[in-house]
Amino acid sequence: MSAVTWEIALYIILAILAHILVFLFVTRKRAKSIVGKHVVVTGGSKGIGLRVAVECALRGANVTVLARDEKMLSGAVALMEVIRQSPEQKFQYRCLDLSTNYENVQKCLEEIEKELGDIYMLVNCAGLAICGVFEDVSVEDARKLMDVNYWGSYNCTRYVLPKMKQAKAGIIVITASQAALFGIYGYGPYAASKYALRGMAETVAMECRHLGVTVTLALPADTNTPGFENENKTKPQETKLISGGGGLAEPDAVAKQIVNDALKGNFISILGFESWLLTLMGGALFKWDGFFQNLFHAVLLGPLRIVGYFLHLHFEGIIKSCAKKKKTE
């Protein structure tokens with residue numbers, strides 16, 4: 001066997017060992033228990049938020065869901081009642097526009113804590129997507145995206161954070177999107193609101209980790225939810241072609257991953273190989289857990305930079321192709 005062949009074999013063996021080490025060190029974390037703890041889920045009436053609320057109920061938590069649609073909220077509570085794990089569990093809902101001023105959010109959260117106790121885990125899932133070429137998205141819609149996606153999460157996080165720091169315990173989940181990793185055609189104002197969430201999550205995590213409070217940044221890809229259906233109504237063809245390559249995740253799977261990562265104290269929550277790949281390339285400064293996992297990433301990042309280059313060339317090809325088609329039509 002030639003020296004080159006031996007060298008290739010050695011690289012393969014090292015890669016296999018690295019995978020095994022990463023698996024062992026990542027999976028060794030044990031999830032915290034939320035039995036009897038108070039969990040608040042915003043946007044908990046449908047989509048990922050609803051499935052997160054159900055997953056927390058299945059794990060024995062007392063759950064409050066927040067959203068604007070009372071009929072759907074009552075349905076969410078009814079669903080949790082069906083799968084309750086103990087007679088002591090409590091479920092409730094509140095109708096609230098989270099993008100309203102902070103004082104209204106503070107008042108609502110104070111009231112629900114009187115019912116179920118201090119909030120131990122906050123899962124920010126409320127959000128919406130409005131797509132379109134940057135100048136085609138109205139100023140009103142751009143402001144609405146920031147109000148709902150950013151300020152809704154900010155207001156709730158702002159309320160629970162000092163109390164969690166004082167208690168030296170608590171979990172905060174901030175749900176952004178794969179659109180928080182790099183800008184995509186047709187996602188302008190939407191991506192901006194998700195980038196804001198990413199920045200907030202990284203900052204809050206650094207400020208409170210040493211005080212026993214953990215932050216998880218969820219970065220779901222396209223997920224089969226009512227919100228995704230509405231998103232497609234305004235999505236340009238170019239955006240559909242670019243984002244469609246990653247497939248469509250199911251909300252149950254995304255919700256379980258988010259809850260599991262949050263309870264394990266992982267900063268990043270992603271589902272699927274494509275999301276892992278894009279997150280690795282777009283979040284080099286993210287706090288990935290475990291030395292060996294970071295070592296493995298360091299080996300991969302160099303070659304992946306080339307992958308990213310060709311990925312952008314592919315996206316640009318799609319955009320040029322659509323532009324030619326529009327011109328001929």
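Residues numbered from 1 in each chain as written. Predicted model: local features only at pLDDT ≥ 70, side-chain atom pairs only at ≥ 80, totals over all residues. Heavy atoms only, no water.

1. A look at the overall build of the protein
Rule in force here: Strands here are runs of E lasting at least two residues and helices are runs of H or I lasting at least four, both read from the DSSP assignment and numbered beginning at the N terminus. For the radius of gyration, the atoms used are the C-alpha atoms, and the globule rule reads 2.2 Å times the number of residues raised to 0.38. Burial here depends on accessible area, computed with a 1.4 Å probe over protein chains only, as a share of the maximum for the residue type. Under 20% is buried, over 50% is exposed, and the range in between is partly exposed. Throughout, a residue-residue contact means that at least one pair of heavy atoms, one from each residue, lies within 4.5 Å. Computed by Shrake-Rupley with a 1.4 Å probe, the accessible areas treat only the displayed protein chains as cover when residues are assessed. Within this scheme the basic residues Lys and Arg register as positive and the acidic residues Asp and Glu register as negative, but His and the chain ends are omitted. To locate a charge, the coordinates of NZ of Lys, CZ of Arg, CG of Asp or CD of Glu are taken.
A count of helices and strands for the protein gives eleven helices and seven strands. For the protein, whose C-alpha radius of gyration is 21 Å, the value lies close to the compact-globule estimate of 20 Å for 329 residues. Dimensions of the protein, computed from C-alpha atoms along their principal axes, come out at roughly 70 × 55 × 35 Å. By residue count, 45% of the 329 residues in the protein fall in the buried class. Long-range pairs, those at least 24 residues apart, make up 74% of the contacts in the protein with a sequence separation of at least 6. When the accessible surface of the protein is totalled, it reaches about 16,900 Å², and 60% of it is carbon and sulfur. Charge centroids of the protein, computed over 36 positive and 31 negative side chains, lie 4 Å from each other.

2. Remarks on the packing of helix α2 (residues 47-58) against helix α9 (residues 251-264)
Selection rule: Whenever a helix is involved, its axis is fitted only over the stretch in contact; in every case the axis is a line through C-alpha atoms, and angles between N-to-C directions fall within 0 to 180 degrees. Angle categories: roughly parallel below 35 degrees, roughly antiparallel above 145, roughly perpendicular from 65 to 115, and oblique for all the rest. Each crossing gets its hand from how the near helix is turned against the far one by less than a right angle, where anticlockwise is left-handed and clockwise is right-handed. Throughout this entry, Asp, Glu, Lys and Arg are counted as charged residues, while Ala, Val, Leu, Ile, Met, Phe, Trp, Tyr, Cys and Pro are counted as nonpolar. The remaining residues, Gly among them, count as polar.
Packing of α2 against α9 brings their axes to within 8 Å, and their N-to-C directions diverge by 55°. With respect to their mutual orientation, α2 and α9 come out oblique. For the element pair α2 and α9, the recorded crossing hand is right-handed. Residues G47, I48, R51, V52, E55 and C56 of α2 pack against P251, D252, V254, A255, K256, I258 and V259 of α9. Classifying every residue of the contact of α2 with α9 by side-chain character gives eight nonpolar, one polar and four charged.

3. Considerations on the pattern of salt bridges
This is how the line gets drawn: Note on definitions: salt bridges are taken to be side-chain nitrogens of Lys or Arg within 4 Å of carboxyl oxygens of Asp or Glu.
Tallying each qualifying case throughout the model produces eight salt bridges. The shortest N-O distance in the salt bridge between K326 and E238 comes to 2.8 Å. Linking K326 in helix α11 (residues 291-328) with E238 in helix α8 (residues 237-243), this pair joins segments that are 88 residues apart in sequence. Note on E238: relative accessible area 2%, which makes it buried. Through salt bridges with shared partners, a single network forms among E113, D118 and K163.

4. Thoughts on the UniProt feature "transmembrane region" (unreviewed entry) in the protein
What counts, and what does not: UniProt positions are given in the numbering used here, feature names are shortened, and annotations may be inferred rather than shown by experiment.
Per the UniProt record, the feature "transmembrane region" (unreviewed entry) sits at residues 6-27, 169-188 and 295-315. The span residues 169-188 carries 5% helix and 30% strand; its end-to-end C-alpha distance comes to 36 Å.

5. Overview of unusual backbone geometry
One non-glycine residue, K168, lies in the positive phi region at around 55°. Tracing the chain through its elements places K168 in the loop between α5 (139-167) and β5 (170-175).

6. What about the environment of W151?
Position of W151 relative to the elements: it lies in helix α5. Of the residues examined, W151 reaches a relative accessible area of 36% and is grouped as partly exposed. For the pair W151 and L98, spaced 53 residues apart in the sequence, the C-alpha separation amounts to 7.5 Å.

7. Structural notes on the side chain of S45
If you trace the backbone, S45 turns up in the loop between β1 (38-42) and α2. S45 has contacts with L50, A67, M72, L73 and A76, leaving out every residue within four places of it along the chain.

8. What about a nonpolar patch on the surface?
The condition that has to hold: Each patch is built from residues that are more than 30% exposed by relative accessible area and take part in no salt bridge. Like charges join if they lie within 9 Å; nonpolar side chains (Val, Leu, Ile, Met, Phe, Trp, Tyr) join within 5 Å.
A contiguous nonpolar patch, built from I306, Y309, F310 and L313 and spanning about 420 Å² of accessible area, is present on the exposed surface. For L313, a relative accessible area of 36% translates into the label partly exposed.

9. Brief notes about the nonpolar core
The line we're drawing: In this description, a nonpolar core means a group of buried Ala, Val, Leu, Ile, Met, Phe, Trp, Tyr and Cys residues linked to one another through side-chain atoms lying within 4.5 Å.
In terms of nonpolar packing, the biggest core is built from 56 residues, with I119, V215, L217 and L219 touching the most fellow members. Going through the elements one at a time, α4 (102-116), β4 (119-124), α5, β5, α6 (188-208), β6 (213-218), α10 (273-282) and α11 are the ones with two or more residues in this core. A total of eight residues in this core trace back to one element, the largest contributor, which is α6. Once residues within four sequence positions are removed from consideration, L219 is found in contact with A176, S177, Q178, A180, L181, I268, S269, I270, T279 and F286. Of all hydrophobic cores here, the second largest spans 32 residues; its members include I34, A57, L73 and V254.

10. A closer look at the pairing of strand β2 (residues 62-67)
For clarity, the cut-off: Here, strands pair whenever DSSP counts at least two bridges between them.
Counting buried positions over the six residues of β2 gives six, a clear majority of the element. Covered by surrounding structure in β2 are N62, T64 and L66 together with V63, V65 and A67, the residues of both alternating faces. Pairing of β1 with β2 involves five bridges; the strand directions are parallel. Paired with H38 across the strands is N62, a residue of β2. Sheet topology places β2 next to strand β3 (residues 91-95); five bridges connect them, and they run parallel. Within the sheet, the bridge partner assigned to T64 lies in β3 and is Q92.

11. Topic: empty space enclosed by the protein
Where we set the bar: Whether a set of points on the 1 Å grid over the protein atoms alone is a cavity depends on a 1.4 Å probe fitting there but being unable to get out, while an open set qualifies as a pocket with protein on both sides within 12 Å along at least five of seven lines; lining residues are those with an atom within 4 Å of a point. Grid points are joined across faces, edges and corners, and a volume is the space filled by probe spheres set on the points.
A complete count under the given rule lists one cavity of 30 Å³ or more for this structure. The space that makes up the largest cavity amounts to roughly 70 Å³. Contributing to the lining of the largest cavity are A218, L219, P220, A221, A249, V254, Q257, I258, S269, I270, L271 and S275. Residues of the lining of the largest cavity, tallied by class, amount to nine nonpolar, three polar and no charged.

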